[in-house]
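The chain contents come next:
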Amino acid sequence: MNTYDVCVIGAGPGGYVAAIRCAQLGLKTVLVERYASLGGTCLNVGCIPSKALLDSSEHFYNAQHHFQEHGIDIKPPKVNIKQMIERKRGVIKTTVEGINYLMKKNKIDVLHGHARFESAHHICIEQNQTSQTIESKYTIIASGSKPASLPGITIDKKRIITSTEALELQEVPKHMIIIGGGVIGLELGSVYARLGSKISVVEYMDRLIPAMDAALGKELQRVLKKNLGFEFYMKHKVTGAVTTGKSVSVSIETPKGDSLQLEGDYCLVAVGRKPYTDGLDIAKAGITTDERGRIITDAHLKTQAQNIYAIGDVVKGAMLAHKAEEEGVFVAEQIAGQKPHINYLLIPGVVYTWPEVAGVGLTEEELKTQQRPYKSGSFPFKASGRARASMDTDGFVKVLCDAQTDEILGVHMIGPRAADMIAEAVVAMEYRASAEDIARISHAHPTFTESMKEACLDATSKRALHI
Ligand code: FAD
Ligand code: NAD
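Now for a quick tour of the structure. Every chain is numbered on its own, with residues counted from 1 as its sequence reads. Chains and ligands are labelled by the order in which they are written, letters from A for the one and numbers from 1 for the other. The predicted origin of the model limits local features to residues at a pLDDT of at least 70 and limits the giving and counting of side-chain atom pairs to 80 or more, whereas totals for whole chains, interfaces and linings rest on all residues. Think of the side-chain values as coming from all heavy atoms in the structure, minus any hydrogens and water.

1. Examining the site of ligand 1
Logical step 1: We call a residue near a molecule or strand as soon as one heavy atom of that residue lies within 4 Å of the molecule or strand. Around ligand 1, the surrounding shell holds 39 residues, and the nearest of these are Glu33, Thr41, Lys51, Asp313 and Ala321.
Logical step 2: A distance of 2.6 Å separates an oxygen atom of ligand 1 from a polar side-chain atom of Thr41.
Logical step 3: Throughout this description, a polar contact denotes any pair of N or O atoms lying within 3.5 Å of each other; where both atoms belong to protein, one of them has to be capable of donating a hydrogen while the other can accept it, and for residues adjacent in sequence the pair is counted only when both atoms sit in side chains. The contact in question runs from an oxygen atom of ligand 1 to an N or O atom on the backbone of Met319, over 3.2 Å.
Logical step 4: The set of elements that each furnish at least two residues to the shell around ligand 1 consists of α1 (13-24), β2 (29-33), α2 (40-45), α3 (47-65), β4 (114-117) and α9 (321-335).
Logical step 5: For the purposes of this entry, the term helix denotes a DSSP run of H or I that reaches at least four residues, the term strand denotes a run of E that reaches at least two, and both are numbered from the N terminus. For the shell around ligand 1, the element with the most residues is α2, which contributes four residues.

The structure is reproduced here in structure tokens:
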């Protein structure tokens, strides 16, 4: 029987990063993955493919809507969706090859097959009717998540689909009905709206991306309606969906309790994801899950078994690739006897629509609930020279800081390249900078980042220079 210091179950961003860090720390490590391709949800059916399609569709949209104004005359562009999907597959292939290389470089054994616990120290790996059992001193469970559905809806993967199928469509839908105005719904809705689909979003809360600062969802809703023609059914509840031939009929309850029927050719169910522990036999290792199916862990991400940790989407917290990665490093370093730390408040959230949306720290709603005195400052992109040059004037940066000390408590932005710009806010908050500190730092001109400086000037003492 092969023995290891660490067995990592699941090769998503949580698992493969944990394996690399374990190997760097001198631990004999094995990574077990049930699929042939490493990289998990993120690389195969999540972050990377969705961003590849977002980039392709954005090029098409710009060619159609903005080139002429820039003084570029072209024949009306046409969508070749098959090529778009093919390019996306190529991006995945290259990225997965990169992970294979990293495993070899770090001398990590990779076993393909479904892992299940026989005991807290023994894991059986099964593939194609063959199985082998390995012994491991420590185990890190990084088995990730799967799309959730709703009662009354059967996902047929053809017309009623999840994000996985939406990343592989061979035609541009005429009318895609999206259940859920969260991250997946708005990102994939943007892809198909740019390619010409009519998009209807049904959301049962009163705002989009409800976990983020409320001002962001409000502005995003306005912009997606104005630029891409999204139709929103807010505070509406989906009660069922059925497929007939090539069409889908979605039954909805309006806020007044009336019924409404939407007809489309595709229905994307994007109502969240659920932790995945199927067939893992965690009970044999003495581990249990909570009421939402998440593996129970303590503050050190240790499960109820002393030698087993769990990380990423399968445990509590935001379902984000970079959160899973941080946890992978955190757990590996603990196993090696170090004392690492994660500040969960400073894990940024990003939505890759255009304009992009990003936030870190406390939202204005959370500050109000905590009754914490705060100051707020903001700067609109329409006042940014860089944004005018690129015709990206929708959105703003909002900075929230402590009323007395000026320490930055939250930064929330919607605008061009917000996904990259949020990094400055994370650094500032990690070093507990005040709004005045950032306001006094030189930001290159003309850049989108000047808007962060201006919002800090506004927050610290209402002295923004360009509004
Ligand atoms: P996963 O990536 O889900 O990996 C788990 C792995 O474990 C899988 O490969 C699975 O096959 C394997 N596994 C499970 N059980 C077993 C078993 N018993 N034996 C062997 N192997 C097993 N996050 C971001 O931060 N940014 C984004 O832009 C972003 N975009 C997304 C877009 C979409 C469409 C989706 C669906 C998700 C997106 N996410 C994004 C979320 C991100 O993909 C997840 O948070 C991340 O992949 C979680 O990593 P993980 O390692 O915990 O799990
Ligand atoms: P989500 O939690 O972001 O959004 C789900 C939305 O569906 C919510 O707004 C919720 O109110 C709504 N909803 C739930 N039940 C409903 C119902 N019955 N009728 C109408 N609306 C309903 O989930 P998601 O968009 O499916 O994404 C899943 C996970 O993947 C998220 O946790 C997210 O963090 C991750 N993800 C991240 C990114 C990114 O970081 N850019 C991109 C895609 C996915």
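Following the structure, the description resumes.
2. Focus: the packing of aromatic side chains
Logical step 1: Here the aromatic set is Phe, Tyr and Trp, taking the six-membered ring for Trp, and pairing holds for ring centres within 6.5 Å; pairs whose planes are under 30 degrees apart are stacked, those over 60 apart are edge-to-face, and all others are tilted. Inspection of the entire model under this criterion finds one aromatic pair.
Logical step 2: Between the aromatic rings of Phe230 and Phe232, the centroid separation amounts to 5.6 Å while the plane-to-plane angle is 25°, which identifies the pairing as stacked.
Logical step 3: Exposure categories follow from relative accessible area, calculated using a 1.4 Å probe and restricted to protein chains: below 20% of the type maximum is buried, above 50% is exposed, and the middle band is partly exposed. Taking relative accessible area as the criterion, Phe230 reaches 1% and is therefore assigned buried.
Logical step 4: Over the aromatic face of Tyr276 sits the side chain of Lys146, whose NZ or CZ is 5.1 Å from the ring centroid.
Logical step 5: Look at NZ for Lys and CZ for Arg. If either is within 6 Å of the ring centre and within 35 degrees of the ring normal, a charge sits over the ring. Across the ring face of Tyr266, the terminal group of Arg159 is positioned such that the distance to the ring centre comes to 4.5 Å.

3. Observations concerning the pattern of salt bridges
Logical step 1: We define a salt bridge as a side-chain nitrogen of Lys or Arg found within 4 Å of a carboxyl oxygen belonging to Asp or Glu. A full pass over the atoms with the stated rule returns 23 salt bridges.
Logical step 2: Residue Glu171 is joined to Arg159 by a salt bridge in which the shortest nitrogen-to-oxygen separation is 3.7 Å. With Glu171 in the loop between α6 (163-166) and β9 (175-179) and Arg159 in the loop between β7 (145-147) and β8 (160-161), the pair connects residues that are 12 residues apart, well separated along the chain.
Logical step 3: Close ionic contact of Asp394 with Lys226 constitutes a salt bridge, the shortest N to O distance being 3.2 Å. Highlighted residues: Asp394 in the loop between α11 (385-389) and β21 (396-402) and Lys226 in helix α8 (residues 214-228), separated in sequence by 168 residues.
Logical step 4: Residue classification places Asp394 among the buried positions, given a relative accessible area of 16%.
Logical step 5: Residues joined by salt bridges that share partners form a network here, namely Glu86, Lys88, Arg89 and Glu168.

4. So, the pairing of strand β19 (residues 356-361)
Logical step 1: The buried fraction of β19 is high, at six of six residues.
Logical step 2: Here the rule is simple: two strands pair whenever DSSP picks up at least two bridges between them. The sheet contact formed by strand β18 (residues 349-351) and β19 spans three bridges and is antiparallel. Looking at β19, one finds that Gly349 is bridged to Gly359.
Logical step 3: The antiparallel pairing of β18 with β19 creates a hairpin that spans four residues between the two strands.
Logical step 4: Pairing analysis gives six bridges linking β19 to strand β22 (residues 408-415), with the strands arranged antiparallel. When the bridges of β22 are listed, Glu356 appears paired with Gly415.

5. Section: empty space enclosed by the protein
Logical step 1: Buriedness for pockets is judged along seven lines, at least five of which must meet protein on both sides within 12 Å for an open set on the 1 Å grid over protein atoms alone, while cavities are sets there where a 1.4 Å probe fits but cannot get out, and lining residues have an atom within 4 Å of a point. Grid points are joined across faces, edges and corners, and a volume is the space filled by probe spheres set on the points. Counting across every chain of the model gives one cavity of 30 Å³ or more.
Logical step 2: Reported here for the largest cavity is a volume of approximately 40 Å³.
Logical step 3: Along the walls of the largest cavity sit Pro147, Ser163, Ile184, Val269, Ala270, Val271, Gly272 and Arg273, which together make up its complete lining.
Logical step 4: Its residues placed into classes, the lining of the largest cavity shows five nonpolar, two polar and one charged. Classification used: nonpolar for Ala, Val, Leu, Ile, Met, Phe, Trp, Tyr, Cys and Pro, charged for Asp, Glu, Lys and Arg, polar for all others including Gly.

6. Overview of the sheet that holds strand β20 (residues 374-380)
Logical step 1: Across the sheet, which stays open at both edges, the five strands sit in the order β18-β19-β22-β21-β20 with antiparallel pairing between neighbours. If you trace the sheet from one side to the other, it starts and ends with β18 and β20, each paired once. The average undirected angle you get between the axes of adjacent strands in this sheet is 10°.
Logical step 2: Working rule for contacts: check all heavy atoms of both residues, and any pair within 4.5 Å makes them a contact. Note on geometry: axes are C-alpha line fits, over the in-contact stretch for helices, and angles between N-to-C directions span 0 to 180 degrees. Against the sheet, α8 touches β19, β21 and β22, its axis set at about 5° to β22.
Logical step 3: Against the sheet, helix α12 (residues 418-430) makes contact with β18, β19 and β22, and its axis sits at roughly 10° relative to β19, the strand it touches most.

7. A look at the site of ligand 2
Logical step 1: Around ligand 2, 21 residues are found, and the nearest of them are Ile184, Glu187, Glu203, Gly272 and Val350.
Logical step 2: Between ligand 2 and Glu187, the relevant distance is 2.8 Å, taken from a nitrogen atom to a side-chain nitrogen or oxygen of the residue.
Logical step 3: Met319 is positioned such that a nitrogen or oxygen atom in its backbone is 3.1 Å from an oxygen atom of ligand 2.
Logical step 4: For ligand 2, the accessible surface in isolation is 840 Å², of which the surrounding protein chains cover 81%.
Logical step 5: When residues of the shell around ligand 2 are traced back to their parent elements, those giving at least two are α7 (183-194) and β10 (198-203).
Logical step 6: Class assignment for the residues of the shell around ligand 2 results in 14 nonpolar, four polar and three charged. Only the protein chains shown count as covering a residue, and every accessible area follows the Shrake-Rupley method with a 1.4 Å probe.

8. Here's the deal with the layout of surface pockets
Logical step 1: What the second largest pocket holds in volume is close to 500 Å³.
Logical step 2: In terms of lining, the second largest pocket is formed by 21 residues, of which the most central are Asn62, His66, Trp354, Met391 and Asp392.
Logical step 3: In terms of residues, the lining of the second largest pocket owes the most to one element, α3, which gives four residues.
Logical step 4: Tallied by class, residues from the lining of the second largest pocket come to seven nonpolar, eight polar and six charged.

Bear in mind that shape data such as this cannot, by itself, settle questions of function.
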